[in-house]
Amino acid sequence: MLRYTIIIGAVVALSTGPILAQAKAPAAEKPSAKKAAEEAPAKQAADKAPKNDAAKTDKLNVTVVSVSGIAEQRSATEEKAKWTAIKAGDTLTEMTLVRTGLGGKVVLEFSNRGNVTIKSGSKIGIASFQKQGKLVKTRLGLKYGAIRAKVDSSQGANDFRVRTAVGTLAATGTGGEMAQWGDFSFQAKGTDGAWQATMANRVTSLIAGAWTNQDLPPAVAQLLAQQGTNVGDPHGGLTVPEIENLLVNGGGRGIVGFVGNPQTGSGGSPQLILPVTTNDPVATNLPQVTGPVSGGGPIGGGDPEHRHPR
Amino acid sequence: MHVTSRRYYLLIAGLAAVVALGGCASSRLTVTGENATLPEGENSAAFLDRISSQDTITENDAMRGILMLDGADKAGTFKQRVDLLLGKNVLNPKGDYDASRELSRGKLARMICRACGLSGGIILRITGSSERYCLRELQYRQMMTPGSASTKVSGMEFASVLTRADMYKRTRRFPDMVGNTD
């Protein structure tokens, strides 16, 4: 009898073991899969990072290709800087703000790594545009309005991100458009390649031509749209926390630090991310410059090396 | 029979009084804060930047934005803005306007509809650009989000709607969610 009991017990143990393991598998896979997806750009950069290359950084300039309508620029770091008209041929540096009026449009050339079209009624900040080895790192912040981004990776690796108010957008393609509206909130559209948009814990895959909210039930889309509606800097210019945020997080002026969503891990700051891509075989030894896509931090994600102690 | 007739007369007289009073109240233009001013020399880029930081937007600011759809705001005071927009047939000539009052979504929708020349559908044509149906038209066109006509408009929301209205006015096409009209 004892022998039968032992045999039955062994059979039951053997048969239920795999079932229990399978039951636990999805729960274990979900966070790791998500984490892996979020850290994909960072890993991609890490894989290509040289172990012996010091973090040599060269600041690059942005050239204004064309301007139409009302468009102005000012320094983000100078407290009393005034807005001045922007014109074709101007060179913009890091920590420069650009805003367009009704009917205005500005096309910026980011060295030989791509271009950004700022559409009418928009305001962006150029937080960072640097070359680290073969990698060019670009950080823009979009306060309101819409832009079209095109990244050219034929000359080397790019780590290109644009942050707005809500969610995270990661792209494996090379081109996309995004907008931050006061009413419809964060909107993104892939134009080339596959994209991934993350807002809070929801991840949406976007193929070319797909939108962020198109598959959501209206009630959920509306709820998302309500986020970040009543936002903005209180002084029309930049406050000290905003400047710090721009320095630390690369954008999201006016909202990061006010109404961040802790679940995004980026202070509610969404990003349009074109992760490191390269056709250059030499660029297999690139430094790791990207943190987790939705990495944590006191007021936002961003790059660990640029994160201020607070 | 006699008592009943008298009741009817009283009822009719009461209704007539209500209609007359209501009619008097809405039959003329009311402008409060006629001399209210706004920052001078403000272009549309500076205007959008300023209002995007405001929790709500006043009717004075809103009218400046609507005037900017045609270029620039050349008015010096709120009354001048009202007069300019009355001349463009954007405002209701029997409306009640207050420079410091917060703008409602319904009023914004009506101004946008009129400024953009949106004729809408049958109901909008019949009702003559009522706030309710202008709002529904703009919601249908994805120019404004769903919501009540009485809700106050935030600065960011106004900037967004104004930008879309400008895109429509320039191209006669409704912009998509990332500001494309092509």
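What you are looking at is a predicted structure, and each value in this text was computed from that prediction instead of being measured. (Residues numbered from 1 in each chain as written. Chains lettered and ligands numbered in written order. Predicted model: local features only at pLDDT ≥ 70, side-chain atom pairs only at ≥ 80, totals over all residues. Heavy atoms only, no water.)

## Quick word on the overall build of chain B
At step 1: Across its full length, chain B holds eight helices and two strands.
At step 2: Starting at the N terminus and ending at the C terminus, chain B contains elements arranged as α-β-α-α-α-β-α-α-α-α.
At step 3: Evaluated residue by residue, chain B yields a buried proportion of 45% over its 182 residues.
At step 4: Contacts in chain B between residues at least 24 apart in sequence constitute 61% of all its contacts with a sequence separation of at least 6. (Helix = DSSP H or I, 4+ residues; strand = E, 2+ residues; numbered from the N terminus. Buried < 20%, exposed > 50% of the residue type's maximum accessible area, 1.4 Å probe, protein only. Contact = heavy atoms within 4.5 Å.)

## Section: the pairing of strand S13 (residues 175-181) of chain A
All names here are of chain A.
At step 1: Within S13, seven of the seven residues are buried, leaving the element largely enclosed by the surrounding structure.
At step 2: Here strand S10 (residues 135-151) pairs with S13 via six bridges, running antiparallel. Considered in S13, the bridge of Ile 147 is made with Met 178. (Pairing = 2+ DSSP bridges.)

## Here we look at the packing of helix H5 (residues 105-116) of chain B against helix H7 (residues 131-140) of chain B
Residue and element names in this part refer to chain B.
At step 1: Closest axis-to-axis distance for the H5/H7 pair is 8 Å, and the angle between their directions is 75°. Comparing their axes, H7 and H5 come out roughly perpendicular. Residues Arg 105, Gly 106, Lys 107, Ala 109, Arg 110, Ile 112 and Cys 113 of H5 touch H7, and the partners they reach there are Glu 131, Cys 134, Leu 135, Leu 138 and Gln 139.
At step 2: Split by residue class, the contact of H5 with H7 holds six nonpolar, two polar and four charged. (Axes fitted to C-alpha atoms, helices over the stretch in contact; angles between N-to-C directions. Parallel < 35°, antiparallel > 145°, perpendicular 65-115°, else oblique. Nonpolar A, V, L, I, M, F, W, Y, C, P; charged D, E, K, R; others polar.)

## Considering H7 of chain B
All names here are of chain B.
At step 1: Where H7 is concerned, the buried positions are Cys 134, Leu 135, Glu 137 and Leu 138. Summarising the axial view, the buried residues of H7 lie within an arc of 160°, below the 170-degree limit, and thus occupy one face.
At step 2: Summarising the contacts, the buried residues of H7 are in contact with H5 and helix H6 (122-127).
At step 3: Of the residues flanking the end of H7, it is Gln 142, one or two places downstream, whose phi is positive at about 60°. (Arc of directions from axis to C-beta.)

## Structural notes on the interface of chain A and chain B
At step 1: Counting from both sides, the interface comprises 35 residues of chain A and, opposite them, 33 residues of chain B.
At step 2: A combined buried area of about 2800 Å² lies between chain A and chain B, and 58% of that area is made up of carbon and sulfur atoms.
At step 3: When the area that chain A buries against chain B is broken down by residue, the three leading residues are Leu 102, Trp 181 and Phe 184 of chain A, summing to 26%.
At step 4: At the junction of chain A and chain B, the tally comes to eleven residue pairs in polar contact (both at pLDDT 80 or more).
At step 5: Taken together, the elements giving at least two residues each to the side of chain A that touches chain B come down to strand S6 (96-100), S10, S13 and strand S14 (185-192) of chain A.
At step 6: Residue composition of the side of chain A that touches chain B, by class: 13 nonpolar, twelve polar and ten charged. (Buried area = accessible area lost by both parts, 1.4 Å probe. Polar contact = N/O pair within 3.5 Å; in protein donor to acceptor, adjacent residues only side chain to side chain.)

## Some details on the packing of helix H3 (residues 59-68) of chain B against helix H4 (residues 78-87) of chain B
All names here are of chain B.
At step 1: Close contact between H3 and H4 brings their axes to 10 Å; oriented N to C, the two are set at 45°. Here H3 is positioned oblique relative to H4, judged by the angle of their axes. Crossing handedness for the pair H3 and H4: left-handed. Every residue of H4 that contacts H3 at Glu 59, Asn 60, Met 63, Arg 64, Ile 66 and Leu 67 is listed here: Phe 78, Arg 81, Val 82, Leu 84 and Leu 85.
At step 2: When grouped by side-chain class, the residues that make up the contact of H3 with H4 number seven nonpolar, one polar and three charged. (Left-handed = near helix turned anticlockwise from the far one by under 90°.)

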